[in-house]
Amino acid sequence: MCKNYCTVLYQDPPERFLTAGNTALTESDDGCNHFCEIRAALEQVFIADQLPLIWITTGSDDEDELLAQAIEIGCQSYITLVGDVERFLERKLAVKEHVTQLYPNFWVMVPSEAGFDFYTQNFTTSNTTDLYLANSFDLENGTFSNPEVPLFHDKIFNLGGRAVPMGVVDYVPYCVTRYVEANRGNADAHNSTLHGEVQIEGLEGDLIAEFCRMRKCSLKVWPFGFENWGYINEDGTGDGLLYSAYSKRTEAVICCIYYTWRRETFDGSKSVAKSSVVVLVPRPKLLPFYLTPIYPFSPQLWMVVFTMMMIMTVVHHGITTLNLIVNNSPMPPIEKSVFDMMSIYLDQGIFPNTSTSSYRTLISFILLSGVVLSNSYAGGLASSLTIPKYDKAIESTHDLAQSPYRWGSPSIAWIYSILTAEQPDMRAVVSKFDEIPDPEVMYQRSLKGDFGLGIELLNSQRFVAGPFIREDNLHLFSSMKEILYFDYSGAFAQKGWPLMAYFDQFIMEAVQHGFVIHWERRLLRKHQTNRFAVALEEVTSGGSPEPAVQKLVVEHILGAMFILWGGSVLGGMVLALELAWNAASKWNRRRLQRRAEISGHAD
């Protein structure tokens, strides 16, 4: 009897059991006799071994509720103390069809004239509810009819070719399935009666194939396609890999199923591998050369400089005005003080008051562009102009959350583990996620250079990328230095799956002896070219080609040229305004002079 799962003791009330023609059990006058002795003995065994036990009495108000609860939580053993076993099996169809097919430790004790007959099912045969006589116990002699055969023997050590329906998805390097000729593969197809039509590989694909080979079971694979992990709704509907186990179409599911996914719904295995999610983000953009003059200062610093210049201009203009008033000189124009401050800022002399605004504008910008060029050489900055400058790289989860970029993958499963995260950065990253099931659409979306892609850091510390990342778009990305999150992968099975204990033991042995890493790398070599692996390693390691030393060209001094061009345009505009103002002033003086002459003649 398996100690990992609960046992159901299904009993009739003593009075009903004794009136069912069981005369061999009614020798005493206490109205209970062997029935109560058996029940007391069972209670003593279960209490001593601390085994979980559910008592169900036929005809009680909570009979159906307790039985449904026992099936739901995966009770494997059923002991029946009932007078009519056929009635029990027929009435509890769920027990007959579900328990006898999935759970091996199903034994029926039927009263007989001499004692008890023990019936059980042939667990090695799938989809059958037939029972056979396993042994008989003679109460008078206190012996079994076949004492050499253990009553509660292990039915799952050797499954004798029993079919085990297993759901998988295609996801390198965990599982990859392909159809082959009959008897050439290591698994059966779910929709075929032929043997060995499917070849399954990968760190978890080989794991289940080898497990079934050792337990002599027939692995019946249900492939659900590329990254179709599926979903289960609150109302019990769903689709995909996870739903197949929930709806009892498969006994277990595997292939990069994270440890934290809906663990309350299934029985989870031991973890097989550690998986970390990393985001390939758009590579930092090259900053335009025309912004070279403002690179050294941040916008905040430029604002401080501008504010200080405004204050100095006001102070300078006030002092100059007071000095000129004292000397009975005409008040200076405000623009004179503005350009004086600009000249001082550029380490140039102050122009006399007779200079026009257009002249000051043009000369100031000429001097500014000259300062940029001269300081570039005098300050040893000529070489720095030829080094490309980029905007800030996205290296952490916080950077990604603050960036304008979205990211995505073909399945929502990439963010299952962080959907309920409370950290602000995680919530922002989840809100930026786009599910794009078609890898080709994902690839085309990535070519714009403003969209991130999810990749995985494997248990062997190697990276693997989906088919939407190729050699011709890989150069558009850089890797975050911080992983987004990590989780552990394993298998999910129906509640009470009897093979789980053996499967857990096999996982631990495969991990300890390095088979999981071996299977992982073997599949990577098959599905990832060396050239792509090297390119991906270069991106994920943060490396990038060193910029080549080059001669200064026009593009490198576009900042200074832009200042010169801007000064020329602004000076020309001011000159045009001055000419228009002067022309208007002359016309107005002539008009006033003519009016005065007309008035003089009239007098």
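Presented here is a report on the structure given in the accompanying data block. Model, not experiment: these values are computed from the prediction.

1. A look at the sheet that holds strand β6 (residues 131-138)
Backbone-to-backbone hydrogen bonds pair the strands of a sheet. The strands run either parallel or antiparallel.
(1) Moving on: In space, the four strands of this open sheet follow the order β4-β5-β6-β7, with antiparallel pairing throughout. Only two strands of the sheet have a single partner each, and these edge strands are β4 (107-111) and β7 (143-144).
(2) Moving on: Bridge analysis of strand β5 (residues 115-121) against β6 gives seven bridges, and the strand direction is antiparallel. Counted as the bridge partner of Phe118 is Asn135 from β6.

2. Quick look at the packing of helix α6 (residues 205-215) against helix α15 (residues 500-512)
The geometry of a pair of packed helices is captured by two quantities: the angle between their axes and the separation between those axes.
(1) Moving on: Their axes nearest at 11 Å, the elements α6 and α15 cross at an angle of 120 degrees. When the interaxial angle is binned, α6 and α15 end up oblique. Between α6 and α15 lies a crossing of right-handed hand. On α15, the residues touching Leu207, Ile208, Glu210, Phe211, Met214 and Arg215 of α6 are Tyr502, Phe503, Phe506, Ile507 and Ala510.
(2) Moving on: Split into classes, the residues belonging to the contact of α6 with α15 amount to nine nonpolar, no polar and two charged.

3. Section: the pattern of salt bridges
(1) Moving on: Per the stated rule, a full pass over the model turns up eleven salt bridges.
(2) Moving on: A salt bridge links Lys526 to Glu201; its shortest N-O distance comes to 2.4 Å. Taken together, the residues Lys526 in helix α16 (residues 515-527) and Glu201 in strand β11 (residues 198-201) connect sequence positions 325 residues apart.

4. Focus on the pairing of β6
(1) Moving on: As paired elements, β6 and β7 share two bridges and run antiparallel to each other. The residue of β7 that forms the bridge with Phe137 is Phe144.

5. Focus: the state of the cysteines
(1) Moving on: Going through the model one piece at a time under the given rule, you end up with two disulfides.
(2) Moving on: Between Cys175 and Cys255 runs a disulfide, and the two sulfur atoms are separated by 1.7 Å. Across the S-S bond of Cys175 and Cys255 the torsion is about -85 degrees, and the bridge reads as left-handed. Pair noted here: Cys175 is in the loop between β8 (163-170) and β9 (176-179) and Cys255 is in strand β15 (residues 252-258), with a separation of 80 residues, a long-range link. Across this residue pair, the class does not change: Cys175 and Cys255 are buried.
(3) Moving on: Here Cys212 connects covalently by a disulfide to Cys217, the sulfurs 2.0 Å from one another. As the torsion about the S-S bond is roughly -115 degrees, the Cys212-Cys217 disulfide counts as left-handed.
(4) Moving on: In this structure Cys256 is not part of a disulfide, and its nearest cysteine sulfur, from Cys255, lies 8.5 Å away.
(5) Moving on: Under the relative-accessibility criterion, Cys256 is labelled buried at 4%.

What counts and how
- Residues numbered from 1 in each chain as written.
- Predicted model: local features only at pLDDT ≥ 70, side-chain atom pairs only at ≥ 80, totals over all residues.
- Heavy atoms only, no water.
- Pairing = 2+ DSSP bridges.
- Helix = DSSP H or I, 4+ residues; strand = E, 2+ residues; numbered from the N terminus.
- Axes fitted to C-alpha atoms, helices over the stretch in contact; angles between N-to-C directions.
- Parallel < 35°, antiparallel > 145°, perpendicular 65-115°, else oblique.
- Left-handed = near helix turned anticlockwise from the far one by under 90°.
- Contact = heavy atoms within 4.5 Å.
- Nonpolar A, V, L, I, M, F, W, Y, C, P; charged D, E, K, R; others polar.
- Salt bridge = Lys/Arg side-chain N within 4 Å of Asp/Glu carboxyl O.
- Disulfide = S-S within 2.5 Å.
- Buried < 20%, exposed > 50% of the residue type's maximum accessible area, 1.4 Å probe, protein only.

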